[in-house]
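What follows is each chain in one-letter form.
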Amino acid sequence: EKLLSLDEAFARLDPGELGRLLLPGIQEAVNNTCGDLLSLAVRPVLPLLLPHLLTALQKEIDDVLDLEEVVLSAFVRDKAVLVDLFQKVGRVELEFLVNSGYAFGFLLGIGQMVAWA
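What you are looking at is a predicted structure, and each value in this text was computed from that prediction instead of being measured.

In this section: the overall build of the protein chain. Looking only at helices and strands, the protein chain features 7 helices and 0 strands. Going from N to C terminus, the protein chain has its helices and strands arranged as α-α-α-α-α-α-α. Each of the three principal axes of the protein chain carries a C-alpha extent, and together these read 95 × 30 × 20 Å. Relative to its full complement of 117 residues, the protein chain shows a buried share of 14%. Within the protein chain, contacts between residues at least 6 apart in sequence are counted, and of these 64% link residues at least 24 apart. Put simply, the protein chain shows about 9,800 Å² of open surface, and 68% of that area lies on carbon and sulfur atoms. Distance from the positive charge centre (9 side chains) to the negative charge centre (17 side chains) of the protein chain: 6 Å.

What follows deals with a nonpolar patch on the surface. On the surface, Phe104, Phe106, Leu107, Ile110, Met113 and Val114 cluster together to form a nonpolar patch covering roughly 690 Å² of accessible area. Here Ile110 shows up in helix α7 (residues 79-116).

Let us look at the side chain of Ser100. Residue position: Ser100 is located in helix α7. Separated by 3.1 Å, the side chain of Ser100 and the backbone oxygen of Leu97 make a polar contact.

The next thing to look at is the pattern of salt bridges. Overall, the coordinates contain 2 salt bridges when judged by the stated rule. Linking Arg20 and Glu17 is a salt bridge whose minimum nitrogen-to-oxygen distance equals 2.9 Å. You can see Arg20 and its partner Glu17 sitting in helix α2 (residues 15-34), 3 residues apart, about one turn around the helix. Judged by relative accessible area, which is 37%, Glu17 ranks as partly exposed. The shortest N-O distance in the salt bridge between Lys88 and Asp84 comes to 3.4 Å. With Lys88 and Asp84 both in helix α7, this residue pair falls 4 residues apart, about one helical turn.

Conventions we followed
- Residues numbered from 1 in each chain as written.
- Predicted model: local features only at pLDDT ≥ 70, side-chain atom pairs only at ≥ 80, totals over all residues.
- Heavy atoms only, no water.
- Helix = DSSP H or I, 4+ residues; strand = E, 2+ residues; numbered from the N terminus.
- Buried < 20%, exposed > 50% of the residue type's maximum accessible area, 1.4 Å probe, protein only.
- Contact = heavy atoms within 4.5 Å.
- Areas by Shrake-Rupley, 256 points an atom, 1.4 Å probe, with all protein chains shown as cover.
- Lys, Arg positive; Asp, Glu negative; His and termini not counted.
- Charge placed at Lys NZ, Arg CZ, Asp CG, Glu CD.
- Patch = residues over 30% accessible without salt bridge, like charges linked within 9 Å, V, L, I, M, F, W, Y side chains within 5 Å.
- Salt bridge = Lys/Arg side-chain N within 4 Å of Asp/Glu carboxyl O.
- Polar contact = N/O pair within 3.5 Å; in protein donor to acceptor, adjacent residues only side chain to side chain.

Take a look at the structure:
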């Protein structure tokens, strides 16, 4: 319950601010993909259209973005991150197993001493 869902995280973003941040990259992508003429026609409309597009995207983010696929592809692409994650998460459990092994080993050793005596 403490985790943030994709809907909640994306809903917290301000469409106007996000649009301003994305605008240069989108303009460059339109220019590279569509050419100069279409880029000149679209450039004045993009700052007005982008906040509305992002607001609509906030409502449909689960249909547009598969977070599980994004995370899995990132882990497959960069295996060092996955290994680091497992080592950090597993460190606590490994310490517990080692420490509990000492205690159980001690108790079993006492039991064997009594059985052999």
